[in-house]
Amino acid sequence: MVSYAVVMMYVDRSIAPPVIEEGEQYVFYFAYGSNMSTRYLSNVRHIESYNSFSATLHGYEVRFNLEGIKYIEPAFANLVASKEAVSYGVVHLIKKNSLKSIISSESSKYKMKEVNVKRADGSQVTAWSLIGVQHDNSAEGIPSKRYLEILIEGANEHGLPPDYIDLLDNTDSTNIPVLSEMTGVVIYLMVISKSLLP
């Protein structure tokens, strides 16, 4: 099996910033989970972000209520409709055909939906985002330490509100020594391989 160190060298590798291509179609994508991290989006999902900025989405809250692998990767982030709520995330400018790559490398528990998000300067943009289709609104799971650390990385990278970063920092997480590391390798390899499919 590929070692954890080898996989993390690939995940953490340096990549030159992409350049806008004339004639290419681009769309905004609102990320609130692991895809907030530019490193993760680029190095694991193989999706280039040509511009990224923090944003808020009103009428939704981020919840860890999408079930994963019990004990190891128990829960993943999801947007749940809630009238008075505000969710924080990162908008990436990506190639339009990259939306297909995001969907194919994600669980079938998600679908894409257009949402209106607000930038820090108050302006609004329309973006695509993932919404869970198989979840329990009353449930709140515990994410893995590995997964939660990627969210915190993305939140810090793009300057999400300190209170929200503190909330993520204080969110309970699970980690089983060795087993969690091995599972992390498998998850990275699965996402990487799916993202490379045409």
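Draft legend 1. Representation of unusual backbone geometry in the model. With phi around 60°, His 46 is a residue other than glycine that occupies positive phi space. One non-glycine residue, Tyr 71, lies in the positive phi region at around 70°. If you trace the backbone, Tyr 71 turns up in the loop between β2 (51-69) and β3 (73-95).

Draft legend 2. Just the packing of aromatic side chains, in detail. In total, this model carries 5 aromatic pairs according to the counting rule given. Each ring, one from Tyr 88 and one from Tyr 164, has its centre 5.2 Å from the other, and the planes form 40°; the classification is tilted. Residue Tyr 88 is located in strand β3, and its partner Tyr 164 is located in helix α5 (residues 162-169); the two are separated by 76 residues in the primary sequence. The partly exposed category is assigned to Tyr 88, whose relative accessible area is 25%. Looking at Tyr 164, the relative accessible area reads 9%, which means it is buried. Between Arg 13 and the ring centre of Tyr 10, over which it is positioned, the NZ or CZ distance is 3.9 Å.

Criteria and cut-off values
- Residues numbered from 1 in each chain as written.
- Predicted model: local features only at pLDDT ≥ 70, side-chain atom pairs only at ≥ 80, totals over all residues.
- Heavy atoms only, no water.
- Helix = DSSP H or I, 4+ residues; strand = E, 2+ residues; numbered from the N terminus.
- Phe/Tyr/Trp six-rings, centres within 6.5 Å; stacked < 30°, edge-to-face > 60°.
- Buried < 20%, exposed > 50% of the residue type's maximum accessible area, 1.4 Å probe, protein only.
- Lys NZ or Arg CZ within 6 Å of the ring centre and 35° of its normal.

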